[in-house]
Amino acid sequence: MQEDLVQLRQAVDQLIATQKRTEQQYNKNQSEANNWQQRAQLALQKGDENLAREALQRKKSVAEMAQALQAQLAEQREIVTELKEYMLTLESKISEAKTKKDLYIARSGSAQASV
(Lines give C-alpha, C1' and ligand atoms only; values in the text may rest on other atoms or scores of the structure.)
Protein backbone atom coordinates (compact mmCIF):
# COMPACT_ATOMS: atom_id res chain seq x y z
CA MET A 1 0.00 0.00 0.00
CA GLN A 2 2.85 2.34 0.83
CA GLU A 3 4.32 1.85 -2.65
CA ASP A 4 0.94 2.67 -4.20
CA LEU A 5 0.86 5.88 -2.22
CA VAL A 6 4.34 6.86 -3.40
CA GLN A 7 3.37 6.17 -7.02
CA LEU A 8 0.17 8.14 -6.60
CA ARG A 9 2.07 11.11 -5.16
CA GLN A 10 4.45 11.01 -8.12
CA ALA A 11 1.54 10.89 -10.56
CA VAL A 12 -0.13 13.84 -8.87
CA ASP A 13 3.13 15.81 -8.96
CA GLN A 14 3.53 15.09 -12.68
CA LEU A 15 -0.04 16.12 -13.40
CA ILE A 16 0.39 19.36 -11.46
CA ALA A 17 3.55 20.13 -13.46
CA THR A 18 1.68 19.44 -16.70
CA GLN A 19 -1.17 21.64 -15.53
CA LYS A 20 1.24 24.51 -14.82
CA ARG A 21 2.79 24.18 -18.29
CA THR A 22 -0.67 24.23 -19.84
CA GLU A 23 -1.56 27.34 -17.83
CA GLN A 24 1.60 29.03 -19.10
CA GLN A 25 0.74 28.13 -22.70
CA TYR A 26 -2.81 29.39 -22.19
CA ASN A 27 -1.59 32.72 -20.77
CA LYS A 28 0.91 33.06 -23.62
CA ASN A 29 -1.80 32.47 -26.21
CA GLN A 30 -4.15 34.93 -24.52
CA SER A 31 -1.41 37.55 -24.56
CA GLU A 32 -0.59 36.81 -28.17
CA ALA A 33 -4.26 37.11 -29.15
CA ASN A 34 -4.37 40.52 -27.48
CA ASN A 35 -1.23 41.55 -29.38
CA TRP A 36 -2.79 40.54 -32.70
CA GLN A 37 -5.92 42.53 -31.82
CA GLN A 38 -3.78 45.61 -31.17
CA ARG A 39 -1.92 45.08 -34.44
CA ALA A 40 -5.20 44.85 -36.31
CA GLN A 41 -6.38 48.11 -34.76
CA LEU A 42 -3.09 49.78 -35.61
CA ALA A 43 -3.31 48.54 -39.21
CA LEU A 44 -6.84 49.96 -39.48
CA GLN A 45 -5.67 53.29 -38.13
CA LYS A 46 -3.01 53.33 -40.81
CA GLY A 47 -5.61 52.40 -43.43
CA ASP A 48 -4.23 48.95 -44.29
CA GLU A 49 -7.33 46.73 -44.29
CA ASN A 50 -5.52 43.69 -45.72
CA LEU A 51 -2.98 43.75 -42.91
CA ALA A 52 -5.79 44.21 -40.39
CA ARG A 53 -7.64 41.15 -41.79
CA GLU A 54 -4.49 39.07 -41.60
CA ALA A 55 -3.90 40.16 -38.00
CA LEU A 56 -7.50 39.28 -37.09
CA GLN A 57 -7.13 35.86 -38.70
CA ARG A 58 -4.02 35.20 -36.66
CA LYS A 59 -5.81 36.46 -33.56
CA LYS A 60 -8.65 34.05 -34.24
CA SER A 61 -6.25 31.15 -34.66
CA VAL A 62 -4.40 31.93 -31.43
CA ALA A 63 -7.66 32.55 -29.55
CA GLU A 64 -9.00 29.16 -30.68
CA MET A 65 -5.84 27.51 -29.38
CA ALA A 66 -6.26 29.36 -26.08
CA GLN A 67 -9.84 28.17 -25.85
CA ALA A 68 -8.75 24.55 -26.44
CA LEU A 69 -6.09 24.95 -23.75
CA GLN A 70 -8.69 26.36 -21.37
CA ALA A 71 -10.85 23.26 -21.85
CA GLN A 72 -7.80 21.07 -21.31
CA LEU A 73 -6.98 22.99 -18.12
CA ALA A 74 -10.46 22.43 -16.74
CA GLU A 75 -10.13 18.71 -17.37
CA GLN A 76 -6.66 18.60 -15.79
CA ARG A 77 -7.89 20.46 -12.71
CA GLU A 78 -10.71 17.96 -12.28
CA ILE A 79 -8.35 14.98 -12.59
CA VAL A 80 -5.86 16.49 -10.13
CA THR A 81 -8.65 17.13 -7.63
CA GLU A 82 -9.89 13.55 -7.93
CA LEU A 83 -6.41 12.12 -7.52
CA LYS A 84 -5.72 14.31 -4.48
CA GLU A 85 -8.94 13.07 -2.87
CA TYR A 86 -7.99 9.48 -3.65
CA MET A 87 -4.52 10.09 -2.21
CA LEU A 88 -6.00 11.44 1.03
CA THR A 89 -8.27 8.40 1.27
CA LEU A 90 -5.32 6.08 0.73
CA GLU A 91 -3.24 7.92 3.33
CA SER A 92 -6.12 7.59 5.79
CA LYS A 93 -6.44 3.85 5.14
CA ILE A 94 -2.70 3.35 5.55
CA SER A 95 -2.77 5.27 8.82
CA GLU A 96 -5.72 3.20 10.02
CA ALA A 97 -3.94 -0.03 9.09
CA LYS A 98 -0.81 1.05 10.98
CA THR A 99 -2.90 1.87 14.04
CA LYS A 100 -4.59 -1.54 13.93
CA LYS A 101 -1.23 -3.24 13.47
CA ASP A 102 0.18 -1.44 16.50
CA LEU A 103 -2.93 -2.36 18.50
CA TYR A 104 -2.61 -6.04 17.58
CA ILE A 105 1.10 -6.00 18.45
CA ALA A 106 0.28 -4.44 21.82
CA ARG A 107 -2.44 -7.03 22.48
CA SER A 108 -0.11 -9.83 21.51
CA GLY A 109 2.57 -8.50 23.83
CA SER A 110 0.15 -8.17 26.73
CA ALA A 111 -1.24 -11.69 26.08
CA GLN A 112 2.27 -13.13 26.09
CA ALA A 113 3.10 -11.23 29.25
CA SER A 114 0.04 -12.57 31.05
CA VAL A 115 0.92 -16.15 30.07
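Before any of the text, the structure's been laid out above.
Conventions used here
Residues numbered from 1 in each chain as written. Predicted model: local features only at pLDDT ≥ 70, side-chain atom pairs only at ≥ 80, totals over all residues. Heavy atoms only, no water. Helix = DSSP H or I, 4+ residues; strand = E, 2+ residues; numbered from the N terminus. Expected span 1.5 Å × (residues − 1). Buried < 20%, exposed > 50% of the residue type's maximum accessible area, 1.4 Å probe, protein only. Contact = heavy atoms within 4.5 Å. Patch = residues over 30% accessible without salt bridge, like charges linked within 9 Å, V, L, I, M, F, W, Y side chains within 5 Å. Areas by Shrake-Rupley, 256 points an atom, 1.4 Å probe, with all protein chains shown as cover. Salt bridge = Lys/Arg side-chain N within 4 Å of Asp/Glu carboxyl O. Lys, Arg positive; Asp, Glu negative; His and termini not counted. Charge placed at Lys NZ, Arg CZ, Asp CG, Glu CD. Phe/Tyr/Trp six-rings, centres within 6.5 Å; stacked < 30°, edge-to-face > 60°. Lys NZ or Arg CZ within 6 Å of the ring centre and 35° of its normal. Polar contact = N/O pair within 3.5 Å; in protein donor to acceptor, adjacent residues only side chain to side chain. Axes fitted to C-alpha atoms, helices over the stretch in contact; angles between N-to-C directions. Parallel < 35°, antiparallel > 145°, perpendicular 65-115°, else oblique. Left-handed = near helix turned anticlockwise from the far one by under 90°. Nonpolar A, V, L, I, M, F, W, Y, C, P; charged D, E, K, R; others polar.

Asks: Where do I start with helix α1 (residues 2–45) in this structure?
Replies: Residues three or four positions apart in an α-helix share a direction because the helix packs 3.6 residues into each turn. For α1, with 44 residues, the first-to-last C-alpha span of 65 Å sits near the 64 Å given by 1.5 Å per residue. Restricting attention to buried positions, one finds in α1 the residues L5, L8, V12, Q19, T22, Y26, N29, A33, W36, A40 and A43. Residues of α1 that are buried in the fold lie against α2 (49–114). Once α1 ends, the next one or two residues include G47, with phi positive near 85 degrees.

Asks: I keep staring at a negative patch on the surface and nothing clicks. Help me out?
Replies: Residues E75, E78, E82 and E85 make up a contiguous surface patch of negative charge. Among the structural elements, E75 can be located in helix α2.

Asks: Please clarify how the packing of aromatic side chains should be interpreted in this entry.
Replies: The geometry of an aromatic ring pair comes down to the distance between the two centres and the angle between the two planes. Per the counting criterion, the structure on display carries zero aromatic pairs. Against the face of W36 rests R39, its NZ or CZ located 4.4 Å from the ring centre.

Asks: Help me understand the side chain of Q76 in this model?
Replies: Position of Q76 among the secondary structure elements: in helix α2. Among the polar contacts made by the side chain of Q76, one reaches the side chain of T22 at a distance of 3.3 Å. Contacts of Q76, omitting those with residues within four sequence positions, involve T18, Q19 and T22.

Asks: Looking at this structure, how should I read the packing of α1 against α2?
Replies: Axis angle and axis distance: for two packed helices, these are the angle between their axes and the distance between the axes, and together they describe the pair. The contact between α1 and α2 brings their axes to 7 Å, and the two run at 160 degrees. As far as their axial angle goes, α2 and α1 are roughly antiparallel. Classified by chirality, the crossing of α2 by α1 is left-handed. Partitioning the contact of α1 with α2 into residue classes produces 28 nonpolar, 11 polar and 12 charged.

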